[in-house]
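# Observations on the model geometry
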Amino acid sequence: MKINIRRSRRAAIAVALGSVLALTATACGDDGSGAGGDKGAEGSGKGKIVFWDNNGGVRTDIWKQIIADFEKANPDIDVEYVGIASTEYQSKVDNSIQGGGLPDVGGVGAAMLAGFSAQNALEPLDDRLAKSSLNGKLNEDMVKVLKSAGGRDDTLYSVPTSANNGVLYYRTDLFKKAGLEEPTTWDKFYTAAEKLTDAKKNEFGYTIRGGSGSIAQALDAMYGQSGITSFWDASGEKTTVNDPKNVAALEKYVGLYKKVTPAADVNNDFTKMVAQWDSGTIGMLNHNLGSYQDHVKALGVEKFRGIPQPTLADGKRVQVSNPVDGLGLFKSSKNKDAAWKFIEFAVSHAENSKFNESAGQVPANTEAAKDAWISKAEPTKLAAAALTDGSTTIVQLPYYLPDWNTISKADNEPNFQKVLLGKMSAKSFLDTLAEQLNKAQAEWKQRG
């Protein structure tokens, strides 16, 4: 099945890049603007547009608030909200690019951007941004990340909304009771994971992500412990994921499963993992800024903290890049004028601040990033400091590879579960991952 997934995705990209096949605008029963090959139209700037949320359910409430604000300010435009689970979003868009039914606007983060832009599905946004009220008001680093992720031509295909960062959440009440130090280093992390575990009482030191989204978390743990600071070797052709230091780091990390974690973790995506941590007696959780408000609602602010990822013994912190999220305008939209108005409004000071306060993430709008709530949301404040005070080295993941999201999800998440279950070695897993990445990198370079 993996081969078929890769082949179908590469075929779709080849079709888009080579214009071998003209994609039709035939609808598939979905509301939306058309298929990936459609040129669309500016439209009247009024009427209906369709918005696909790439994290439906989790962000539905805040997006509905933003939409209500937008419709009040723009009474001639109606926005149809469609919430799609993050685990299903890429396949939904890919299928619609080929068969029709794309929305006007959709969430397009760095991890998916290369694949969508390679299929010619997204509208270039540089000119629109230059003429808009957002010009000069977006975080330059976030804009650069999305331009880089979009391909070789340094074109902006998605307007950034927010940046995330990895966080180690820990139960301060449980740590205090056990007399443990804050897990600021990897050594302290492993010590705490073991000491907080009493399986007979259903008490565990850690919860590991074994289901959807597991690869990114595993990579973070690997590079954080190995101290390797680049995803590619000096040649730029071979990945470092299967470097012996990373293999050893992964072996240690997966060794936590069932020893200091619940057995159910093998199937945990982030929603299950977060819910389990919020409702149980588990000492630590690796996630990102996005779940902060969930923890506050479940535990209050007194029973937990969210700190930057652990450091090595020498104080060096290495972590992999977290995708910048954004909003893309699909080229097939028949009402691009209205769709752009929605994007511009959603990333304005007030609305971007509202969104990121709800999500617990770092705002892309530089005015929103100065708002008072950020200093009150401790994990966001600490994450922002860690990224700017020189203590952290970021290993940039290759979001620019059209196959990146497929390789790091569908192709290898089942294999990671095999590693947890002892059915596949960490070395074999990383060698397989490396082979796929090296091939994708070679193909990307060959295309020039």
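Above this text you will find the structure in question.
The present account deals with the structure reproduced in this document. Computed from a predicted model, the values in this text were never measured in an experiment. (Residues numbered from 1 in each chain as written. Predicted model: local features only at pLDDT ≥ 70, side-chain atom pairs only at ≥ 80, totals over all residues. Heavy atoms only, no water.)

### Focus: the overall build of the chain
Regarding its fold elements, the chain presents 19 helices and twelve strands. Over its C-alpha trace the chain gives a radius of gyration of 22 Å, about what one expects of a compact globule, namely 22 Å for 448 residues. Seen along its three principal axes, the alpha-carbon backbone of the chain occupies a region of about 65 × 45 × 40 Å. Carbon together with sulfur atoms contributes 50% to the accessible area of the chain, which is approximately 18700 Å² in total. (Helix = DSSP H or I, 4+ residues; strand = E, 2+ residues; numbered from the N terminus. Rg over C-alpha atoms; globule rule 2.2 N^0.38 Å. Areas by Shrake-Rupley, 256 points an atom, 1.4 Å probe, with all protein chains shown as cover.)

### So, the sheet that holds strand S11 (residues 362-363)
What the six strands build is an open sheet, ordered S2-S1-S3-S10-S4-S11; its pairing is mixed. Two strands bound the open sheet, and with one partner strand each, they are strand S2 (77-83) and S11. Along the sheet, helix H2 (residues 60-73) makes contact with strand S1 (47-53), S2 and strand S10 (324-329), crossing S2 at roughly 175°. (Pairing = 2+ DSSP bridges. Contact = heavy atoms within 4.5 Å. Axes fitted to C-alpha atoms, helices over the stretch in contact; angles between N-to-C directions.)

### Regarding the packing of helix H10 (residues 244-254) against helix H19 (residues 426-447)
Contact pair H10 / H19: the axes reach a minimum separation of 9 Å and the direction vectors enclose 130°. Relative to H19, the element H10 lies oblique. Of the two elements, H10 crosses H19, and the hand of that crossing is right-handed. Across the interface between the two elements, Asn246, Val247, Leu250 and Glu251 of H10 pack against Ala426, Lys427, Phe429 and Leu430 of H19. Classifying every residue of the contact of H10 with H19 by side-chain character gives five nonpolar, one polar and two charged. (Parallel < 35°, antiparallel > 145°, perpendicular 65-115°, else oblique. Left-handed = near helix turned anticlockwise from the far one by under 90°. Nonpolar A, V, L, I, M, F, W, Y, C, P; charged D, E, K, R; others polar.)

### Overview of the side chain of Thr406
Its place among the elements puts Thr406 in helix H17 (residues 404-407). A distance of 3.4 Å separates a polar atom in the side chain of Thr406 from a polar atom in the side chain of Gln90. (Polar contact = N/O pair within 3.5 Å; in protein donor to acceptor, adjacent residues only side chain to side chain.)

### Overview of the pairing of strand S8 (residues 304-308)
With four of five residues buried, S8 lies mostly within the body of the structure. Inspection of the sheet shows strand S5 (residues 166-171) paired to S8 by five bridges, in the antiparallel sense. Across the sheet, the residue bridging to Arg171 is Phe304, located in S8. (Buried < 20%, exposed > 50% of the residue type's maximum accessible area, 1.4 Å probe, protein only.)

### What about the nonpolar core?
Core analysis: the largest hydrophobic core is formed by 108 residues, its most contacted members being Tyr223 and Leu250. At eight residues, H19 tops the list of elements feeding residues into this core. Each residue touching Tyr223, except ones within four places of it in the same chain, is listed here: Ile228, Ser230, Phe231, Thr239, Thr240, Val241, Asn246, Val318, Val320 and Val395. Formed by 17 residues, the second largest nonpolar core is a distinct cluster that contains Phe270, Val274, Tyr292 and Ile374. (Core = buried A, V, L, I, M, F, W, Y, C linked by side-chain atoms within 4.5 Å.)

### Observations concerning the environment of Gly151
Structurally, Gly151 is set in the loop between helix H6 (140-149) and strand S4 (159-163). Relative accessible area serves as the criterion here: at 22%, Gly151 is assigned to the partly exposed category. Along the primary structure Gly151 and Gly115 are separated by 36 residues, whereas in three dimensions their C-alpha atoms are 9.1 Å apart.

### Some details on the pattern of salt bridges
Counted under the stated rule, the structure contains 13 salt bridges. With a closest N to O distance of 2.9 Å, Asp173 and Arg171 form a salt bridge. Taken together, the shared-partner salt bridges in this structure form one network comprising Glu42, Glu123, Arg128 and Lys336. (Salt bridge = Lys/Arg side-chain N within 4 Å of Asp/Glu carboxyl O.)

### Comments concerning the packing of aromatic side chains
Scanning the entire structure with this criterion turns up 23 aromatic pairs. On the basis of an interplanar angle of 80° and a centroid distance of 5.4 Å, the ring pair of Phe231 and Trp232 is categorised as edge-to-face. The pair formed by Phe231 and Trp232 is uniform in burial state, with each residue classed as buried. Joined through ring pairs, the aromatic side chains of Phe51, Trp63, Phe70, Tyr81, Phe342, Phe345 and Phe355 make up one cluster. In this structure, Lys252 packs its charged tip against the face of Tyr190, placed 4.4 Å from the ring centre. (Phe/Tyr/Trp six-rings, centres within 6.5 Å; stacked < 30°, edge-to-face > 60°. Lys NZ or Arg CZ within 6 Å of the ring centre and 35° of its normal.)

### Here's the deal with unusual backbone geometry
Notably, Asn120 is not glycine yet its phi reads approximately 60°, a positive angle. Of note, Asn120 is situated in the loop between helix H4 (110-118) and helix H5 (126-130). You will see that Asn202, though not glycine, has its phi angle at about 60°, which is positive. A residue is classified by how much of its surface remains accessible, and Asn202, at 53% relative accessible area, is exposed.

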